[in-house]
Amino acid sequence: MTAIVELEHIEKRYGAIAAVNDVSFALQPGESVALIGHNGAGKTTLFKMMLGLSRPTSGDIRVLGDHPAAGEFAARKRLGYLPESVSFNGALTGREVLSFYARLKDASTDKIDSLLERVGLTAAADRPIRTYSKGMRQRLGLIQALFGDPLLLLLDEPTTGLDPALRLEFYEIVQELQQQGATIVLSSHALTELEERASRIIILNRGRMVANGSIDELRKLAGLPIKIRVTV
Ligand code: ATP
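None of these values were measured; they are calculated from a predicted model. (Residues numbered from 1 in each chain as written. Predicted model: local features only at pLDDT ≥ 70, side-chain atom pairs only at ≥ 80, totals over all residues. Heavy atoms only, no water.)

### A look at the overall build of the chain
Looking only at helices and strands, one finds seven helices and nine strands in the chain. Its C-alpha atoms give the chain a radius of gyration of 18 Å, within 12% of the compact-globule value 17 Å for 232 residues. The proportion of buried residues among the 232 residues of the chain is 49%. Restricting to contacts in the chain with at least 6 residues of sequence separation, those with at least 24 account for 67%. Distance from the positive charge centre (28 side chains) to the negative charge centre (27 side chains) of the chain: 4 Å. (Helix = DSSP H or I, 4+ residues; strand = E, 2+ residues; numbered from the N terminus. Rg over C-alpha atoms; globule rule 2.2 N^0.38 Å. Buried < 20%, exposed > 50% of the residue type's maximum accessible area, 1.4 Å probe, protein only. Contact = heavy atoms within 4.5 Å. Lys, Arg positive; Asp, Glu negative; His and termini not counted. Charge placed at Lys NZ, Arg CZ, Asp CG, Glu CD.)

### With respect to helix α2 (residues 94-104)
Along α2, the residues that are buried comprise Gly94, Val97, Leu98, Ser99 and Ala102. Of the surrounding elements, those touching the buried residues of α2 are α3 (112-118) and α4 (134-144). Taken from the residues just after α2, Asp106 is the one with a positive phi, measuring 55°.

### Regarding the site of the ligand
The full set close to the ligand counts 13 residues, and Gly40, Lys43, Thr44, Thr45 and Glu157 are the nearest of them. Contacts to the ligand include Gly42, whose backbone N or O atom sits 2.9 Å from an oxygen atom. Separating an oxygen atom of the ligand from a side-chain N or O atom of His189 is a distance of 2.9 Å. Protein contacts shield 64% of the accessible area of the ligand, which totals 640 Å² for the unbound molecule. With three residues, helix α1 (residues 43-51) is the largest single contributor of residues to the shell around the ligand. (Near = heavy atom within 4 Å. Polar contact = N/O pair within 3.5 Å; in protein donor to acceptor, adjacent residues only side chain to side chain. Areas by Shrake-Rupley, 256 points an atom, 1.4 Å probe, with all protein chains shown as cover.)

### A closer look at the sheet that holds strand β7 (residues 183-188)
With respect to topology, six strands assemble into an open sheet ordered β5-β6-β7-β3-β8-β9, the strand pairing being mixed. The open sheet has two edge strands with one neighbour each: β5 (79-82) and β9 (208-213). Neighbour to neighbour, the strand axes of the sheet diverge by 15° on average, direction disregarded. Set on the sheet, helix α5 (residues 164-179) makes contact with β3 (32-36), β5, β6 (152-155) and β7; between it and β7 the angle comes to about 150°. (Pairing = 2+ DSSP bridges. Axes fitted to C-alpha atoms, helices over the stretch in contact; angles between N-to-C directions.)

### With respect to the pattern of salt bridges
Think of it this way: side chains of opposite charge can pair up when their charged atoms draw near. This model, assessed by the stated rule, comprises 11 salt bridges. The closest approach of N and O atoms between Glu11 and Arg13, which form a salt bridge, is 3.1 Å. A relative accessible area of 19% means that Glu11 is categorised as buried. According to the relative accessible area criterion, Arg13 is partly exposed, its value standing at 36%. With a closest N to O distance of 3.8 Å, Asp60 and Arg62 form a salt bridge. We classify Asp60 as partly exposed; its relative accessible area is 28%. Owing to a relative accessible area of 30%, Arg62 belongs among the partly exposed residues under this scheme. Through salt bridges that share partners, Arg95, Asp113 and Asp126 make up one connected network. (Salt bridge = Lys/Arg side-chain N within 4 Å of Asp/Glu carboxyl O.)

### A word on the nonpolar core
Counting 44 residues, the largest nonpolar core has Leu140, Leu155, Phe170, Ile184 and Ile201 as its most contacted members. With five residues, α5 is the single largest residue contributor to this core. The next biggest cluster of nonpolar side chains, apart from the first, holds 27 residues, and it includes Val33, Leu46, Leu51 and Leu154. (Core = buried A, V, L, I, M, F, W, Y, C linked by side-chain atoms within 4.5 Å.)

Shown next, in the form of C-alpha cells:
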C-alpha cells in the first residue's frame, strides 16, 4: 500500500527554535489521524510542510507520492485544507464563495448544490455570510476544502469555537468523508475530543513526536486500564 503522507526525520527550525524536531511517521489511505498538542507544539508547522507552503530544514517529506514544496507538485489539487480560522468576506453569499474556491481548484461548480445540502446550508446558500453563525461558517470552510475530491484532508483545529452539538455534527461529516476513502488529519489541543474518532493519534510536544498509535496502544503504553489522560 502506498502511503499518503511520509515524513522521515523532519526538522523545521526558525532561528534557534525547532518548531518540528525529528518527526517521522507515515499515513496510509483511509486513516483518520489526530495530531494533538498544546500551543506551539508544531501542528500548524507540520500542516504547512504537508501543504508545500514551507520546506523542512532537513528530512524528507512526501505527500501523495511527491515532494509538496516542488514546483511541479501535481497532486496539489487533491489536497483539502481547512485552516484554524477561516474568514470569508461577509458581503458574499455562501454560493459565491464556493464558486470562487471551485474555480481555484479547477473543479466543476456542479457539485456546489450537493455539497451545500450535505452540510445543511442549502437554505442559507444565497444569503450573505455575515448572517451565518460560527458553525455555518465552519461548515462552509469544510466544503471549500472538498473541491477536487481530496485524497488528503488537513483540518487544523477545525472545531475551535463550536459548541458540543456543532462539533458532533462537524465530526459526523468528516467521518463520512473518511468512509469514502479520504485520509484525514485533524489537529486539536485536546486528546479527549478526538480519542474515539481517530484511528491513530500522534502527540506532539514542543516539536517532538512523543506518541504515535491507536488509542488502545496509547492506553497500554500509559499503563492505564480505563480512560487515558496524556499530559503533553
Ligand atoms: P497552536 O495550537 O497555537 O496553533 P501549533 O502546535 O500549531 O500551535 P506552530 O504554530 O506549528 O504550533 O508553532 C510551533 C513553534 O514554532 C512555536 O514556538 C512558534 O512560535 C514557532 N513558529 C511557527 N511559525 C514560525 C515562524 N514563521 N517564525 C518563527 N517562529 C515560528
